[in-house]
Amino acid sequence: MKKVVLLHGTGGHGSIYWFPYVREHCDKHDMTVISPDFPESDAPDLEKWLAHSKETFALDDQTILVGHSLGCSFALSLLQRTKTKIDKAILVAGPYDKTRAGVGYEKVKSFLE
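Residues numbered from 1 in each chain as written. Predicted model: local features only at pLDDT ≥ 70, side-chain atom pairs only at ≥ 80, totals over all residues. Heavy atoms only, no water.

(A) Summary view of the nonpolar core. Leu-7, Phe-57, Leu-65 and Phe-74 are the most contacted members of the largest nonpolar core, which totals 17 residues. Residue assignment for this core shows that the elements contributing at least two residues are β1 (3-7), α2 (46-56), α3 (70-80) and α4 (105-112). No other element matches α3, which puts four residues into this core. Filtering out sequence-adjacent residues up to four positions away, Leu-65 remains in contact with Val-5, Leu-7, Leu-59, Ala-75, Leu-79, Ile-86, Lys-88, Ala-89 and Ile-90. Core analysis: the next-biggest nonpolar cluster, separate from the first, contains nine residues, Ile-16, Val-22, Ile-64 and Val-66 among them. (Core = buried A, V, L, I, M, F, W, Y, C linked by side-chain atoms within 4.5 Å. Buried < 20%, exposed > 50% of the residue type's maximum accessible area, 1.4 Å probe, protein only. Helix = DSSP H or I, 4+ residues; strand = E, 2+ residues; numbered from the N terminus. Contact = heavy atoms within 4.5 Å.)

(B) Highlighting the environment of Thr-32. Secondary-structure assignment places Thr-32 in strand β2 (residues 32-34). Thr-32 gets classed as partly exposed once you look at its relative accessible area, which sits at 33%. Remark: the alpha-carbon pair of Thr-32 and Lys-2, spanning 30 residues in sequence, is separated by 6.3 Å. Each residue touching Thr-32, except ones within four places of it in the same chain, is listed here: Met-1, Lys-2, Lys-3 and Val-4.

(C) The arrangement of the packing of aromatic side chains in detail. What the rule picks out here adds up to six aromatic pairs. Measuring from centroid to centroid gives 5.5 Å for Trp-49 and Phe-74, while their planes differ by 85°, and the two rings are edge-to-face. With Trp-49 in helix α2 and Phe-74 in helix α3, this residue pair connects regions lying 25 residues apart in the sequence. Across the pair, exposure class does not vary: Trp-49 and Phe-74 are buried alike. Here the aromatic residues Phe-38, Trp-49, Phe-74 and Phe-111 are joined through ring pairs into a cluster of three or more. (Phe/Tyr/Trp six-rings, centres within 6.5 Å; stacked < 30°, edge-to-face > 60°.)

(D) Inspection of the pattern of salt bridges at higher detail. Tallied over the entire structure, the rule returns five salt bridges. Note that Lys-2 is salt-bridged to Asp-87, the shortest N-O span being 3.2 Å. You can see Lys-2 sitting in the segment before β1 and its partner Asp-87 sitting in the loop between α3 and β4 (88-92), a full 85 residues away along the chain. Take Lys-2: its relative accessible area is 26%, and that puts it in the partly exposed class. The exposure class of Asp-87 is partly exposed, given its relative accessible area of 30%. (Salt bridge = Lys/Arg side-chain N within 4 Å of Asp/Glu carboxyl O.)

(E) Region of the structure containing the pairing of strand β3 (residues 63-68). Along β3, six of the six residues are buried, which leaves the element largely enclosed by surrounding structure. Judged by which residues are buried, β3 turns out to be covered on both faces: Thr-63, Leu-65 and Gly-67 on one side and Ile-64, Val-66 and His-68 on the other are all buried. As paired strands, β1 and β3 are joined by five bridges and run parallel to one another. Across the sheet, Lys-3 pairs through a bridge with Thr-63, a residue of β3. Bridge analysis of β3 against β4 gives five bridges, and the strand direction is parallel. Bridge pairing links Gly-67 to Leu-91 in β4. In this fold, the crossover linking β3 to β4 by way of α3 has right-handed handedness. (Pairing = 2+ DSSP bridges. Right-handed = clockwise from strand over helix to strand, strands pointing away.)

Set out below in structure tokens:
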């Protein structure tokens, strides 16, 4: 069974923006949805998010990562740290320029470098 993991960005949580719609759609198609609330999302810390992800979900060949905003960079950080092949990663509106990091580059640079 496909497993969709929704990764929010800075200041977000697991049921923000369009995440509930994605959950509803996936439920109709018998997909498992995991939408964790990462700690301290207003001042994200990569190591804390990585630890939380290990407690919340495991990557496998049925995993579809969906990252939004800083969640895109986090998805790439997860993939850099594993040899596990996932089904796919979908990245939506990720940061592309450190001058546009929103909350300030210094707060999120560990996700972007």
